[in-house]
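Observations on the model geometry
The lines below spell out each chain.
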Amino acid sequence: MTERCVTHSEAQTEALGESIAQRSGALSAIALKGDLGAGKTALVRGLARGLGSADSVTSPTYAIVNEYRGARRVCHFDLYRLSGGDDLWEIGWEDYLASGALCVAEWCDVAREMFPPSTLWIDIEKAGGDTRCFTLRWPEEAEAC
Ligand SMILES: Nc1ncnc2c1ncn2[C@@H]1O[C@H](COP(=O)(O)OP(=O)(O)OP(=O)(O)O)[C@@H](O)[C@H]1O
Ligand SMILES: [Mg+2]
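So, here's what we can say about the structure. (Residues numbered from 1 in each chain as written. Chains lettered and ligands numbered in written order. Predicted model: local features only at pLDDT ≥ 70, side-chain atom pairs only at ≥ 80, totals over all residues.)

1. Describing the overall build of the chain
Our working definition: Secondary structure elements follow DSSP: runs of H or I of four or more residues count as helices, runs of E of two or more count as strands, with numbering from the N terminus. Each radius of gyration reported is based on C-alpha atoms, and the globular scaling rule is 2.2 Å times the count of residues to the power 0.38. Partly exposed residues are those falling between the two cut-offs: more than 12 but fewer than 20 other C-beta atoms within 10 Å of their own, whereas 20 or more means buried and 12 or fewer means exposed, with C-beta atoms placed from the backbone.
The helix and strand inventory of the chain stands at four helices and seven strands. Mapped from its N terminus to its C terminus, the chain presents α and β elements in the order β-α-β-α-β-β-α-α-β-β-β. Taking 145 residues into account, the globule formula puts the C-alpha radius of gyration at 15 Å, and the chain, at 14 Å, falls close to it. For the chain, the spread of C-alpha atoms along the three principal axes comes to 40 × 30 × 30 Å. A total of 145 residues make up the chain; the buried ones form 42% of that total.

Set out below in structure tokens:
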């Protein structure tokens, strides 16, 4: 299922993240694609809040992965500085997935082949000013949610 959403502020993008959190039960991963400043981290901030986390959410550009505690743990990756799937493997991607945490990754194109079938793919496009267009591609098995 493909869904399109448009937001006009950072707060609206966070609210979209919260609504995705409510529908994320069957997801293992969320793959985020979008330019610098597209709103990837803003979306994850809403997502973590929607899963009951009070932790602060920032781009894990240097740390590669941040973790947020909530009703379900969120592991927030930034793949920007990795050179490919092998690097992601090295940091324990498979273990993060197997742990039951929701694994959310910015710059997913760096390692597209590493995402499991139960991934929600999100493309974000800047459409002038504060407008952002989101394309959400839900996996088949999550459609019943
Ligand atoms: N509709 C919108 N949704 C999200 N952010 C918006 C929107 N309009 C303006 N902004 C601004 O765009 C920026 C988005 O920053 P954010 O860190 O979420 O982007 P990012 O995609 O994670 O970037 P990076 O690739 O650098 O990690 C913020 O400064 C925010 O205020
Ligand atoms: Mg970011």
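2. Points about the site of ligand 1
Applicable threshold: Being near a molecule or strand means, for a residue, that its C-beta atom, positioned from the backbone, comes within 6 Å of it. Ten residues, namely Ala, Val, Leu, Ile, Met, Phe, Trp, Tyr, Cys and Pro, are considered nonpolar, four, namely Asp, Glu, Lys and Arg, are considered charged, and the remaining ones, Gly among them, are considered polar.
Close to ligand 1 lie 18 residues; T13, G39, K40, T41 and D130 are nearest. If you list the elements that add at least two residues to the shell around ligand 1, you get α1 (10–22) and α2 (40–50). For the shell around ligand 1, the residue count by class is three nonpolar, 10 polar and five charged.

3. As for the sheet that holds strand β6 (residues 119–126)
The pairing of strands in a sheet happens through backbone hydrogen bonds and is either parallel or antiparallel. Just so we agree on the cut-off: Paired strands, in this sense, are two strands between which DSSP finds at least two bridges. Lines are fitted to the C-alpha atoms to define the axes, a helix being fitted only along its stretch in contact, and any angle between axes, read from their N-to-C directions, falls within 0 to 180 degrees. Remark: residues whose backbone-derived C-beta atoms lie within 7 Å of one another are considered to be in contact.
Taken in spatial order, the seven strands line up as β1-β7-β6-β2-β5-β4-β3 in an open sheet, and their pairing is mixed. Each edge of the open sheet carries a strand with a single partner, namely β1 (2–7) and β3 (65–68). The mean inter-strand angle of the sheet, taken between neighbouring strand axes irrespective of direction, is 20 degrees. Note: strand β2 (residues 29–33) against strand β5 (residues 102–106), four bridges, orientation parallel. The residue of β5 that forms the bridge with L32 is E106. On the sheet, α1 packs against β1 and β7 (132–137) and is oriented at approximately 150 degrees with respect to β1.

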